[in-house]
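Examining the three-dimensional arrangement
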Amino acid sequence: MLKLFYRRLALAICLVGVASALTFALIASAPGNAANFLAERAAGPKATHELVQKIEHDLGLNDPLYIRFFHWVGNVADGRLGESLRTGHPITEEFAQRLPTTIRLLLGGGVVACFMPLLIGVAGALSDGGVLDRSLRVLAIVGASAPNFFVGALLVLLFSVRLHWLPAFGTSGLLSWVMPWVTVGLFPTCVLSRVVRVTLQELMSRPFATTGFAKGYGRTGVLVYEALPNLAVPFLTTFGAQFALMIIGAIVVESVFAWQGIGAFFIDSIRFRDFPAMQAILMTFVVFFVFVNLLVDMVCMLIDPRIRRSQFESA
Amino acid sequence: MPATIEEPRSLPIYEVDRLTVDLYTDKRTIRAVDDCSFSLKPGETLAIVGESGSGKTVMTLGPLGLLPEGIAVHLRGKALTARGDLLAVSGRHRAAVRGNDFGVVFQDPLSALNPMRRIGPQLAEQARRFAGLSAVAAKTDAISNLRRVGIADPEDRYWRYPHEFSGGMRQRAMIALALASRPKILLADEPTTALDATVQAQILALLKQIQAEDGLAIVLITHDIGVVAGMADRVAVMYAGRIVEEGAVADVLKTPTHPYTQGLLSSIPDLDTPIGGRLTEIPGAPPDLSSLEAGCRFAPRCFAVTPPCALARPSLAPLSSVTSTTPTHKVACFVMQSNCQEPIR
Amino acid sequence: MINRLRERLGGISPYALIPVVLFVLVAVFAPVLAPYAPGMQVITDAMQGPSFAHWLGTDYLGRDLLSRLLLAARVSLAAMTIVLVSALAIGILIGSIAGYVGGKVDLVLISVIDIMLSLPSLIIALALIGIVGPGYWSMIAALTLAWWANYARMSRAVVASEVHQPHIEACRVIGASHWWVFTRHILPSVLGVVLVYASADAGALVLSIATLSFLGLGVTPPTPEWGQMLVDGMNYLEDSPSMVLLPGLALTLVVVSFNVLGEAIALQKLPRAIKGRVLLKRIRARADEEETVKRGVQ
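Residues numbered from 1 in each chain as written. Chains lettered and ligands numbered in written order. Predicted model: local features only at pLDDT ≥ 70, side-chain atom pairs only at ≥ 80, totals over all residues.

A short note on the overall build of chain B
Across its full length, chain B holds 13 helices and twelve strands. For 345 residues, the compact-globule formula gives about 20 Å, and the C-alpha radius of gyration of chain B, at 21 Å, lands near that figure. The dimensions of chain B, computed from C-alpha atoms along their principal axes, are 65 × 55 × 50 Å. In chain B, which comprises 345 residues, the share counted as buried stands at 46%. Expressed as a percentage of contacts within chain B between residues at least 6 apart in sequence, the contacts between residues at least 24 apart total 63%. (Helix = DSSP H or I, 4+ residues; strand = E, 2+ residues; numbered from the N terminus. Rg over C-alpha atoms; globule rule 2.2 N^0.38 Å. Buried ≥ 20, exposed ≤ 12 C-beta atoms within 10 Å, placed from the backbone. Contact = placed C-beta atoms within 7 Å.)

Some details on the overall build of chain C
Of regular secondary structure, chain C possesses twelve helices and zero strands. The linear arrangement of helices and strands in chain C, starting from the amino end, is α-α-α-α-α-α-α-α-α-α-α-α. Relative to its length of 298 residues, chain C is extended, with a C-alpha radius of gyration of 25 Å against a globular reference of 19 Å. Counting over 298 residues, chain C shows a buried share of 39%. Across chain C, contacts joining residues at least 24 apart in sequence account for 66% of those joining residues at least 6 apart.

Here we look at the sheet that holds strand E9 (residues 234–239) of chain B
Reading across the sheet, the eight strands line up as E6-E7-E8-E3-E9-E10-E12-E11 (chain B) and stay open at both edges, with mixed pairing between neighbours. Every other strand in the sheet has two partners, leaving strand E6 (102–105) and strand E11 (317–318) of chain B as the edge strands with one partner each. (Pairing = 2+ DSSP bridges.)

Here we look at the interface of chain C and chain A
Contacts between the two partners involve 35 residues from chain C and, on the opposite side, 37 residues from chain A. Within the residue set of the side of chain C that touches chain A, elements represented by two or more residues are helix H6 (121–132), helix H9 (178–214) and helix H11 (242–267) of chain C. For the side of chain C that touches chain A, the element with the highest residue contribution is H11(C), accounting for eight residues.

Some details on the packing of helix H7 (residues 136–163) of chain C against H9(C)
All names here are of chain C. Two elements in contact, H7 and H9, have axes whose closest approach is 10 Å; the angle formed by their N-to-C orientations is 155°. Our classification of the angle between H7 and H9 gives roughly antiparallel. Here H7 and H9 pass one another in a crossing that is right-handed. Together, Met 139, Leu 143, Trp 147, Tyr 151, Met 154, Ser 155, Val 158, Val 159, Glu 162 and Val 163 of H7 and Ile 186, Ser 189, Val 190, Val 193, Val 194, Tyr 197, Ala 198, Leu 205, Ser 208 and Leu 212 of H9 make up the contact between the two elements. (Axes fitted to C-alpha atoms, helices over the stretch in contact; angles between N-to-C directions. Parallel < 35°, antiparallel > 145°, perpendicular 65-115°, else oblique. Left-handed = near helix turned anticlockwise from the far one by under 90°.)

Regarding the pairing of strand E4 (residues 72–81) of chain B
All names here are of chain B. As judged from the eight bridges shared by strand E1 (residues 14–24) and E4, these two strands associate in the antiparallel manner. Directly across from Leu 23, in E4, lies its bridge partner Val 73. Note that E4 and strand E5 (residues 84–85) share two bridges and pair antiparallel. The residue bridging Leu 80 from the neighbouring strand is Asp 85, located in E5. In textbook terms, the turn of a hairpin is the stretch between consecutive antiparallel strands, and for E4 and E5 this stretch comprises two residues.

Thoughts on the sheet that holds E4(B)
The antiparallel open sheet is built from four strands, whose spatial order is E2-E1-E4-E5 (chain B). What marks the edges here is a single partner per strand, and that holds for strand E2 (29–40) and E5 of chain B.

Observations regarding helix H5 (residues 91–127) of chain A
When the terminal C-alpha atoms of H5(A) are compared, their 52 Å separation across 37 residues agrees well with the 54 Å that a helix rising 1.5 Å per residue should span. At the exit of H5(A) stands Asp128(A), carrying a positive phi of roughly 45°. (Expected span 1.5 Å × (residues − 1).)

What to know about unusual backbone geometry
Backbone phi values are negative for most residues with the exception of glycine, while trans is the configuration of most peptide bonds. A positive phi is found at Arg273(A), a non-glycine position, where the angle reads about 60°. By secondary structure assignment, the location of Arg273(A) is in the loop between helix H11 (262–272) and helix H12 (275–303). Phi angles above zero are rare outside glycine, and Asp35(B) is one such case at about 55°. Note that Asp35(B) resides in strand E2. Residue Asp35(B) is classed as partly exposed on the basis of its 17 C-beta neighbours within 10 Å.

Remarks on helix H7 (residues 148–162) of chain A
End to end, H7(A) covers 20 Å across 15 residues, agreeing with the expected 21 Å (1.5 Å per residue, within 8%). A maximum bend of about 25° is found in H7(A) at Val156(A). The inward-facing, buried residues of H7(A) contact helix H8 (175–204) and helix H10 (219–256) of chain A together with H9, helix H10 (226–233) and H11 of chain C. His164(A) lies just past H7(A) and shows a positive phi near 55°. (Bend = angle between axes of the 7 residues up to and from the residue.)

Describing the environment of Leu207(B)
Residue placement: Leu207(B) occurs in helix H9 (residues 197–214). Classification of Leu207(B) as buried rests on a count of 22 C-beta atoms within 10 Å.

Concerning the environment of Glu238(C)
All names here are of chain C. By the secondary structure assignment, Glu 238 is in the loop between H10 and H11. A residue is classified by how many C-beta atoms lie within 10 Å of it, and Glu 238, with 11 of them, is exposed. Along the backbone, Glu 238 and Pro 35 are 203 residues apart, and their C-alpha atoms lie at a distance of 27 Å.

A word on the environment of Ala127(C)
Along the polypeptide, Ala127(C) turns up in helix H6. With 25 C-beta atoms packed within 10 Å, Ala127(C) lands in the buried category. On a C-alpha basis, the gap between Ala127(C) and Ala146(C) in space is 9.8 Å, while along the polypeptide they are 19 residues apart. When sequence neighbours within four positions are dropped, the list of residues in contact with Ala127(C) reads Thr23(A) and Leu282(A).

Following this line, the structure appears as structure tokens:
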């Protein structure tokens, strides 16, 4: 199994490499010249053509694409992500300030999206076609359809503006995290609840479920002892996909609640055409996705006894 | 042997009375079992024979509530055990009876065993729940159970997953699982169909041995007459949801009376069949179980059919014939009963 | 009649199709249905609640909310259609080439497709918008490029499996050109699979358009779009929440319609167990049938 792990790791690294090369190429070939911009900022309207050319030369903007790429990779390896065109500060600094916020947001949302779907899905499966099952199904569909910015706005309207229970802005104190976590976690929760419910339904009609009944279990017993262990792998796979997608939710939530996280940084850099920042953030995203998927694959491989024990196949 | 000791043993341990099972899907309704009855005594093996779709599995597993989810089922009749009528009790009670008194062996052990659970703990769990053993005793019991069914190195195998066993081993493990709760009745649904011939013989021998040791009653579903001949005491032949012939194995196999049984047995090639000769077949095809019609269901394909056959359903009644030695040999056929005919062979 | 409709639609419930059709109709006929021009500002009427003149009230610039909502539907539908058609065209083209030609071409294309699929669509769209700058057409282009990969993967799978079918080889043997074989035999299957997926996927696309507009990177004022209306309304959440609630509800309803359609399509492939009253009815019907048979025999 270790061989499988190395293969996956190598694949992941390749993916990151290719994706970063692509994004670099795209952004570097974008219209709009960073040099012009920097010259203007340095010298105001008196920026001369020579100044622009000098900056271009200094920054190596005239070198062929692949050389620029390797320079950039080298810098990243050294921990230098460049300077933001918008603020002039090193991007690493911005990251250091903003990353904790976004990570906390994702983790909270992740916890919600991990446990709630299990509760909801199992409750629905126990009810099996009853009122609870059908209502949960409707709620899951609606929750997966509502835009997350609308959900956020609704929560703010209800709990901040009308009821004054929760603070709408600021990142201090646990209470100020509740609404953002719910907003970020709602969509994945609804999607995962449907997946859990449908998977449990399918698992209950498999032959080993019948064996479970033959053992003398009732429906609840079969659901818990026979079906649930088989839920782990499909659940984790979908959870991994949804967790990676949560970054988009984080971007929106940071906008709704006016938080300064990586998501907000990304949007600002897009609006401002701040290419070095966009480059660095996109790279971070790519690394994040690839490694979340890698982690999920690894865990699934560990959990599934058929893969884990393949070397013990005996007669 | 004195009659008083014989008597308790001749009382049936499981009795199905006038069972009718309808299956409802959103597309059609099927009568899988149509007014069937049978009984099972302790220590005896009843074989149920029939082609696919004849209702053997539904009749055997249906009363226990073991039909797959997703199909709406309506059962009528009675299924009597020492703990009550399975069709009349609550789901919970039925589950308790399933666990305590019945053990089930399914056809394909690879799909019937949970791929994410180890074998040993499942056996121990059954022993704990139904045989009243403590956790430690249950584990020991499970290991000896594995050893008993012929699995080598049971201490190691206890912690293994199903996919780590070979086909024959898996079926043995499933038998161990069925026996773990110390049942009185074993239901085996084509337990050897998925195995190759040598392993088949071993499994059947194992079942026979366990039956002799524990006094188990066994219901054996099969479509293989050879298995019937080798294992069973009595046999019931099913066609289109009805039992058409029933009796001691020796009687039914030597003197098959119902035209369907005769057709079944004569279609088996034996050493006397000339090479290159044609195999006898039963003409026609099995009927559509979703339509309810009067009359004998085998009539369209029967070589002995007469006009009354299509009007009323023949009921299972003993042969009043000098060639049949016991009144337990029953046939559901107007022609064969009334004529007391010698079966055509 | 409902059942005949059901059959025409391949087994899915016609009720699932109604909301989507309604949305399309409303969006197409919006200019006719809207009582006011969307840009018409009467500042003195700003932020009013529902009234006879303005059924859903007005926004902070005095514009009629109902008209804006209706026209925003049109904007969403138009944008969604353009993106879907383009993404489908590109995706089916690339996927079919990959599946039909096979070999090295396939290897290259499938790698590209996989890389595109390893990133969420919206991130790709955001990156592309970042490169070319925000605006309506850059949003369209960015979303198209973000969306085609999934359709390409599906088309490729269908084409790759169909290409090796005996009847295709037979056509080639009798001299049919590649183009003829593809369009007559393979393309219908591809379209069948991909269009079904796309119809359910449309909801996600509407959401993406709204999200981009919400972030200020898609449809920009004064063109009405639900996401964009919502972000404007955020400033007035306390005073006039309808500016936030109405577009949000509209969006939710439209996406629910598409998701319901998607579920209906997915469910029709599975056999359903019947329960409850329906089952009891069937049981009684069966018992009656039995009685008639028995009586007939006597």
